[in-house]
Amino acid sequence: MAGRLLLVCRLLVRDLRRHRTEAVLLLVAITAATATLTLGLTLNELVTRPYERTRAATAGPDLVVEPGFSGPQALDALAPLATLPGVTEHSGPFPLAFLALTARDTTVRVVVEGRDDTPAAVDRPAVTDGTWTRPGGVVVERAFADALDLHTGDTVSVNGHPLHVTGFAVTAARPAYPRPGWHFPGSITTEGGGLVWVDRRDIATLAGDQPLSYTLNLRLTDPRAGIAAVDPAGGGVGSDARFHGWRFRTGPQIAEVNSMLNAPARQALLIGSWLLTALAVTGVAGIVAGRAIGQRRRVGLLKAVGAGPAMIATIHLAEYLVIGLAAAGTGLAAGWLAAPALFRPAAGLIGSVGVHPPPPRMVVAAIALALGIAVAATLGSVVRAATTSTIHALADAATPPRRRRWAIWLSRRLPTALLIGVRINARRPRRARLITVNTLVTTTAIAVVLMALAQDRAPLKLGYSELPDVRDERTTQAMLLLVGVVCVLALLNTAVSTWTAVLDTRHPLAVARALGATPGQAGLGLATAQLLPAIPGVAGGILVGLVTYFAGDDNRYAPASWMLSAAFGVLLAVVALTAIPALAAARRPVADTLRSAAT
């Protein structure tokens, strides 16, 4: 047993040293898929973890309560809640007004909260720039300030009253822009808007004739109790008539609302990770196919000295599993550390996820994906190597093409370059199918992104003005990032496929040249072998992309010129990547190639 393990380790180290280029390509292909999956999973962490940090830094409440009425009646209703048995600390009630803010030429809805100069016991908004509230000044929630492109020292108008921006802050007591909970007094429907804090002595003047609402922040003995701490009988808003029209917000509910900003981008990246998984499997399978061609004779020699099918399978899988584990670690680290830079968690939160280790479930998902890609791409070759007879493996003969009378009749009338390309694909049909899958996935991703860019983006309606929707911006950014990674990985796959084809067709092309084909015809024939299976892949990718994105009457198709340009662009990339190495390989002297075949 120890001797077999030593043999596997020696062959593993030998293969990694002798085939460094293939090992690097394998690492890159699996890493790309793993990193994209990690990015998709990290988008949820980009909100939940910074929210917890923000909550800890600002002494965030476990429960925020707003009564369904305003004025002195609201204060009387909130007073008993601060002394309930399950409440350990509280702050407020703080006055609220639901007004409009004007910055430059933009007027939007805004929740105005009156605060004191001294820090509160619960919910102390953390000032990230400038200073806290003072008379005549306003502190703007940081995400809201970013949307309006505000700077400290700017002047804004709240309900017609000019105020100086003294600073920016973040809080865990309300969701960040654009969902801070703005609503008309007495209404249960919330609208989009922003959040600001002003001096308590100014809010009555700003509100004018509007009666003030109030909010109470509670810290609970059991944070999981939520509304049940206020309404033990039912634990729900509708269980007690006293709470009809009241608003309750727990910490998890606020975090969930914040996470909705990343939901579309997260979905796009998770779907994209499966596209990249298919590309990675295609690329790894292409590399494995090229390696298998050169390892057939070694398989025969191992079997000749007594190695069984299990030993052969172990030797073949060991290298790819080791590379898969390395790719899992590399992709996990790259996705986890790059996520905060590529997708800002939220301007209304503190911190990023890159400084913390990823959660165990994400590590398990990355390892499972990487190993799954390695196994799925190599399983066929491993099974064939383990079940191939010793004599057949030592002979190292290619799969003979299926000869059909109509195909032979048709091929006799084809140009020489096209005939060579068809014969190469007939000799290696699996490689042709991998090329089709590669171009299918690539074109599908490009078509989906073009469809997304062709849609009308509905801006956020924030009252009197409209602002770009942050969710659309993040989704577009995620899709562009995804299509960029897909294109790079597809180019690598095409280069690998060309390299495999060049190695595999040296002898057949030398025979074709010995029978009269010119070097140019031989090189074009090899390039044609790569182009022919790419054509149905591109056509199918455009169709799949259209069907995948088009889900309703409100969507519209991308211009036909966009789709045709994408299709021709993919085909042109395939031609460019295959023609040059194919023509270079075809110019090798025929005698040298045939002499190497004889040895």
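As a reminder, the structure under discussion sits directly above these lines.
Here we summarise the structure given alongside this text. (Residues numbered from 1 in each chain as written. Predicted model: local features only at pLDDT ≥ 70, side-chain atom pairs only at ≥ 80, totals over all residues. Heavy atoms only, no water.)

## So, the pairing of strand β7 (residues 161-170)
Defined as follows: Each residue gets one of three labels from its accessible area relative to the maximum for its type: buried under 20%, exposed over 50%, partly exposed in between, using a 1.4 Å probe on protein chains only. Numbering of helices and strands runs from the N terminus; a helix is a DSSP stretch of H or I covering at least four residues, while a strand is a stretch of E covering at least two. When DSSP finds two or more bridges between a pair of strands, those strands are recorded as paired.
With seven of 10 residues buried, β7 is to be regarded as a mostly interior element. Direction of pairing for strand β4 (residues 126-130) relative to β7: antiparallel, over a ladder of four bridges. When the sheet's bridge partners are listed, valine 127 is paired in β7 with alanine 169. Sheet analysis places strand β5 (residues 137-141) next to β7, joined by five bridges and oriented parallel.

## Focus on a nonpolar patch on the surface
Heads up, the condition is: Residues forming no salt bridge and having over 30% relative accessible area are the ones grouped into patches, like charges within 9 Å of each other and nonpolar side chains (Val, Leu, Ile, Met, Phe, Trp, Tyr) within 5 Å. Surface exposure here means Shrake-Rupley accessible area, sampled with a 1.4 Å probe, where a residue is shielded only by the protein chains that are shown. We count a salt bridge whenever a side-chain nitrogen from Lys or Arg sits within 4 Å of a carboxyl oxygen from Asp or Glu.
A cluster of nonpolar residues, Val422, Leu532 and Ile535, forms a patch on the protein surface that exposes about 200 Å² of accessible area. Locating leucine 532 in the fold gives a position in helix α16 (residues 519-549).

## Considering the pattern of salt bridges
Evaluated as defined, the whole model comprises 10 salt bridges. Between arginine 115 and aspartate 123 there is a salt bridge, and its shortest N-O distance comes to 2.5 Å. You'll find arginine 115 and aspartate 123 in the same group, each marked buried. Measuring nitrogen to oxygen at the nearest pair gives 2.8 Å for the salt bridge that ties aspartate 116 to arginine 200. With a gap of 84 residues between them, aspartate 116 in the loop between β3 (106-115) and β4 and arginine 200 in helix α5 (residues 200-207) connect regions that are remote in the sequence. On the basis of relative accessibility, which here comes to 31%, the residue aspartate 116 falls in the partly exposed class.

## So, the nonpolar core
Side chains of a nonpolar character, in soluble globular proteins, are inclined to be buried together. As a reminder of what qualifies: What is meant by a nonpolar core is a set of buried Ala, Val, Leu, Ile, Met, Phe, Trp, Tyr and Cys residues, joined one to another through side-chain atoms within 4.5 Å.
Ranked by size, the top nonpolar core spans 45 residues in total, and within it Leu101, Val112 and Phe144 carry the most contacts. In terms of residue count, strand β2 (residues 87-103) provides more of this core than any other element does, five residues in total.

## Quick notes on helix α6 (residues 251-259)
Quick reminder of the rule: When we speak of the arc, we mean the arc of directions from the helix axis to the C-beta atoms.
Of all the positions in α6, only Gly251, Ile254, Ala255, Asn258 and Ser259 are classed as buried. Angularly, the buried residues of α6 cover 140° about the axis, an arc narrow enough to put them on a single face. Residues of α6 that are exposed and point more than 90 degrees away from the buried face comprise Pro252 and Glu256.

## Notes on the environment of threonine 221
Put simply, the rule is: In what follows, a contact means two residues having at least one pair of non-hydrogen atoms within 4.5 Å.
Inspection of the secondary structure assignment puts threonine 221 in the loop between β9 (213-220) and β10 (247-250). By relative accessible area, which is 56% here, threonine 221 ends up exposed. For the pair threonine 221 and aspartate 62, spaced 159 residues apart in the sequence, the C-alpha separation amounts to 9.3 Å. Among residues more than four places away in sequence, those in contact with threonine 221 are Pro85, Gly86 and Thr88.

## A closer look at the environment of glycine 114
Residue placement: glycine 114 occurs in strand β3. For glycine 114, a relative accessible area of 0% gives the class buried. A C-alpha to C-alpha distance of 7.5 Å links glycine 114 and arginine 201, two positions 87 residues apart in sequence. For glycine 114, the contacting residues outside a window of four places in its chain are Phe94, Pro95, Val198, Arg200 and Ile203.

## As for the side chain of threonine 215
With respect to the secondary-structure elements, threonine 215 resides in strand β9. Assessed through its relative accessible area of 3%, threonine 215 is described here as buried. Setting aside anything within four residues of it in sequence, one finds threonine 215 in contact with Val64, Val65, Glu66, Gly92, Pro93, Phe94, Leu96 and Glu113.

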